[in-house]
Structure formats: C-alpha cells, structure tokens
Amino acid sequence: KPTSSDCSGDFVVGGSGNVVIDGGQGLFVNSSGECAFSQSGCNVALTSSSGDPVPISVVGNNAGEGYNEDSCNPDTMNTDPNVGVDPVPWTDGVLILDEPDECSKTPDAFQITTDAVGHKTVTLFPGSYAQLPPPSINADEIFLSPGIYCVSKVLKQTTGILKGYDVFFYITKDGDFSLQGGTNILHARAAEDPPDPEKYPYAGYLVYVAPDFDGSPENCTINGNQESSFVGAIYAPYCNVTINGSTGTDPDDENSGFHSQVIGYEVKLNGDGDLWFIYNQDENVVVIEAAELDLAQ
C-alpha cells in the first residue's frame, strides 16, 4: 500500500500471542503513512526465533504508532524500526504473473475413496474452478493432485482437511482466498536452483492473487491451527491479508507453521498462540532479473 489516510495501520501486529519470524530480513512496510506500522495493544510479542527484535523497515515517518513504552514491555517489540526507507514503486513495482493455461482447462472428474472406518477422501485435479473446493463436495479430506489450480473467485476451506503438495493457486482478478477453518496442508513446488521458468514458471509460489487496480482491494484471510502448514510464497499485492490463530513452532519441519513470504496490500497478524513465519529461500520464489550495463564517465 503506497500510503494511508488514517492511523489504523497498514501493517498491524496484534492479538495476544507470540508472532515469531525465523529467517529472512524481517518486515517491510511500503506505506508512507504516518502510522504505517502499528502494534495493536500490549498483549502480543513480535520477536525472531532467537528472541531478538525483528528488523522492521518502513517507508513512513511514524512506525510503531500504537506502541506505548510506558505500559508495554519493550522486549516484546522492536521499538526502533528503520523509518524513511525507499519505497517499492506502486504499481510499477508489482510483479504480474501471466495467467496459466489451466484457467481455460476443465479439470478431470474428481475421485472418491472411503476407507474401512468410513473416512471419506475426495481427490481433485488441476484446472479451472469457480470455487475451490467446490461447495458441493463434502468429505473428511480433500486431496489436491499436484499442479496448477485456477480459481475465479474463492479458495475456501471451512472444515475437514485440505491437503496438496506441489500445488499452485492462481486466483484471478476480483478473487480472494478465505481459509477459515479445518486443517490446511498446502505446499508449493520448491524453487529450483537456478529456476527454470520455461519448465515451471510458478515454482516457489503457493498463492498468487491477480490484482485489479481499477477496483478496491479484496480481503484475504487465513485462520491457522497447530496442524496446518503452508510452504511457498503467498503473493497478494492488492489484497488485505489477515492471518489469525496459531501454528506449529518447529522451524526445521516443513509441516509446521508458515514457510512463506507473505506480501499483501495491508497485512494484519492476529495470533492467539504461537504464530510462526519461517523463511527459507529454497521454499519460496527466486526471481532472476536481467543484468544491466551502465556507462560511467
């Protein structure tokens, strides 16, 4: 978000739990607003996995608005963020991904299996969906076969288990995601080293929400739990991203926490337990930029 008109905060860390950042370079807030970064209340701790303050870089002038040094423990939040940094150009700095061929592909028919104790699993296949999982499907577990899923409106799971490995969700313009219940185990295809965009251009991406700058930002939500895990970049540059709940806390286990880089228009983190974000470049997007040659005199 390039700027704001009030002090509600463009990147807000709140709730009553521990938000832990493991790896990476901390938080970057692109807004030039007076209250670009905000801590909501004194009940949340934002730290690195070692317990040190998380680096916070903010374009705006008044990062940390909402933090009260007289009543909050200074050890639980970085009270000296780096302010006045250079912004990422809006909207020229937004990475636009081409729409995949799967957006015009009808997926194969889903398959249903039931085990001896009556546990029902539905297997879905890559292609285009109005909603994923389709609202007509009711199962204890929904398994997504590896590949690209083009979703025209909502990626939503409210109960049961949604599981997929080597998957990528391309959400078209005016779409959003709402993972607000059940257990979600969703892993992107690992980024290759070096990446081969011709072979698989979406390696390292888990979710991409295509921006529609002519409209208003969408709302995108994830409610985590101890059994959920996410691997790969969540790139929603024109979506207000809210992440609630808790996650597992083992940074060495890809089935624990967010192994993700999260990019949104506004971002709100509301943990009520331990909410872990583990950044490993090999699990996220690697963007190769062409070399430039400048002449100096």
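Everything that follows concerns the structure shown earlier in this document.
Predicted, not measured: the structure shown is a model, and the values here were computed from it.

K.L.:
Help me understand unusual backbone geometry in this model?
P.N.:
The omega torsion of the bond from Trp90 to Thr91 falls at 10°, within 30 degrees of zero and hence cis. Looking at the element boundaries, Thr91 is found in the loop between strand S7 (82-83) and strand S8 (111-114). Geometrically, the link from Leu132 to Pro133 is a cis peptide bond, its omega value of -5° lying close to zero. By the element assignment, Pro133 lies in the loop between strand S10 (127-132) and strand S11 (141-144). One non-glycine residue, Asp166, lies in the positive phi region at around 55°. Tracing the backbone shows Asp166 in the loop between strand S13 (161-165) and strand S14 (167-171). The phi dihedral of Asp174 is positive, around 70°, even though this residue is not glycine. Along the chain, the position of Asp174 falls in the loop between S14 and strand S15 (176-179). A residue is classified by how much of its surface remains accessible, and Asp174, at 43% relative accessible area, is partly exposed.

K.L.:
Would you mind showing me how to read the pairing of S11 here?
P.N.:
Across 4 bridges, strand S9 (residues 120-124) lies against S11 in parallel orientation. Looking at S11, one finds that Thr123 is bridged to Phe143.

K.L.:
How should I be thinking about the sheet that holds strand S3 (residues 27-29) in this particular structure?
P.N.:
Strands in a sheet are paired, the pairing made by backbone hydrogen bonds, and the direction either parallel or antiparallel. Reading across from one edge, S3-S6-S7 is the order of the 3 strands in this open sheet, with parallel pairing throughout. The open sheet has two free edges, formed respectively by S3 and S7, since each of these has just one partner strand.

About the thresholds
- Residues numbered from 1 in each chain as written.
- Predicted model: local features only at pLDDT ≥ 70, side-chain atom pairs only at ≥ 80, totals over all residues.
- Heavy atoms only, no water.
- Helix = DSSP H or I, 4+ residues; strand = E, 2+ residues; numbered from the N terminus.
- Buried < 20%, exposed > 50% of the residue type's maximum accessible area, 1.4 Å probe, protein only.
- Pairing = 2+ DSSP bridges.

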